[in-house]
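# Close look at the chain arrangement
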Amino acid sequence: MDVQTSATVSMGMCPIPSSWSATMPRLLLLHHLLLISLVSDMEDAHHWPMVERRGTHLWASGRPFIIHGFNTYWLMSFAADQATRPRVTAVIAEAAEAGLNVCRTWAFNDGGHRALQTAPFHYDEEVFQALDFVISEARRHNMRLILSLCNNWEDYGGKAQYVRWGKEAGLDLTSEEDFFSDTTIKSYYKAFVQAVVTRINTITNEACKDDPTILA
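Here's what I pulled together on the structure shown here.

Thresholds applied
- Residues numbered from 1 in each chain as written.
- Predicted model: local features only at pLDDT ≥ 70, side-chain atom pairs only at ≥ 80, totals over all residues.
- Heavy atoms only, no water.
- Pairing = 2+ DSSP bridges.
- Helix = DSSP H or I, 4+ residues; strand = E, 2+ residues; numbered from the N terminus.
- Axes fitted to C-alpha atoms, helices over the stretch in contact; angles between N-to-C directions.
- Salt bridge = Lys/Arg side-chain N within 4 Å of Asp/Glu carboxyl O.
- Buried < 20%, exposed > 50% of the residue type's maximum accessible area, 1.4 Å probe, protein only.
- Parallel < 35°, antiparallel > 145°, perpendicular 65-115°, else oblique.
- Left-handed = near helix turned anticlockwise from the far one by under 90°.
- Contact = heavy atoms within 4.5 Å.

This part is about the sheet that holds strand β10 (residues 144–148). Here three strands make up an open sheet; going across it, the order is β6-β7-β10 and the pairing parallel. With partners counted over all chains shown, the strands left at the sheet margins are β6 (69–71) and β10, one partner each. Neighbour-to-neighbour, the strand axes of the sheet open up by a mean angle of 25 degrees, direction not taken into account. Summarising the sheet, β6 and strand β7 (residues 102–106) pair through three bridges and their orientation is parallel. The residue of β7 that forms the bridge with Phe70 is Cys103.

Oppositely charged side chains can pair when the atoms bearing their charge come close. Considering all chains together, one arrives at nine salt bridges under this definition. In this structure, the salt-bridge partner of Arg139 is Asp211, at a minimum N-O distance of 3.3 Å. Of this pair, Arg139 sits in helix α4 (residues 125–140) while Asp211 sits in the segment after α6 (183–197), and the two are 72 residues apart along the sequence. Residue Arg139 is classed as partly exposed on the basis of its relative accessible area, which comes to 26%. For Asp211, a relative accessible area of 2% translates into the label buried. Across the pair Lys159 and Glu177 runs a salt bridge, and its minimum N-O distance is 2.7 Å. Here Lys159, found in helix α5 (residues 158–168), pairs with Glu177, found in the loop between α5 and α6; they are 18 residues apart in sequence, far enough to count as distant. Under the relative-accessibility criterion, Glu177 is labelled partly exposed at 43%.

Let us look at the packing of α5 against α6. Relative orientation of the contacting elements α5 and α6 amounts to 125 degrees, with a least axis distance of 9 Å. As summarised for this structure, α5 and α6 are arranged oblique, according to the angle between their axes. When you trace α5 past α6, the crossing you get is right-handed. On α6, the residues that touch Tyr162, Val163, Trp165 and Gly166 of α5 are Ile185, Tyr188, Tyr189 and Phe192.

Moving on, we get to unusual backbone geometry. Glycine aside, residues mostly have negative phi, and peptide bonds are mostly found in the trans state. The phi dihedral of Ser61 is positive, around 55 degrees, even though this residue is not glycine. Positionally, Ser61 belongs in the loop between β4 (57–60) and β5 (63–64). The class for Ser61 is partly exposed, based on a relative accessible area of 48%. Residues other than glycine seldom take positive phi values, yet Phe121 does so here, at roughly 75 degrees. Inspection of the secondary structure assignment puts Phe121 in the loop between β8 (117–119) and β9 (122–123). Assessed through its relative accessible area of 47%, Phe121 is described here as partly exposed.

So this is what it looks like as structure tokens:
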């Protein structure tokens, strides 16, 4: 069969002549379309969508979001020390490489060593910047975060520290369970939550409440 009069072959719905000279423009067109598609995919990957609830399911990017999670409470604490900060990046990267996509970690430390909340309504900016780093590293490795904001136990302060602060302020409190009922103590906690969710990340320049990195 003569090359110039050869039959065409089909690629999808587009007939492609077997003649090299006739095919070149089409191949260039397909090449450009492929590049456009790749750029579009890169933009979609760069866009970090919120995980949303639909009924009893979680969704992201138009498909179900399945949690493969782990718990590493110490990320913010380690990020607050330059000597241990690289371990934060390492553990997030290793988890992402293993196929995990959600990390539960502490976004609180009340009144103790490297405290985020040093007293009611007072916060350590250096430790807050450590939390900024944790969030930015999670985002860089496509890792969602569940940020815990208080502890039922005394580790890292928790409700016991809130009650101690209340007693120091002269409140008549009888047990740690007053954390859940005393109006003043609740105002301490609500102020802290407000400080975290409205925090503008010094690295990503995004408020926590608007950052899709934070799952919950």
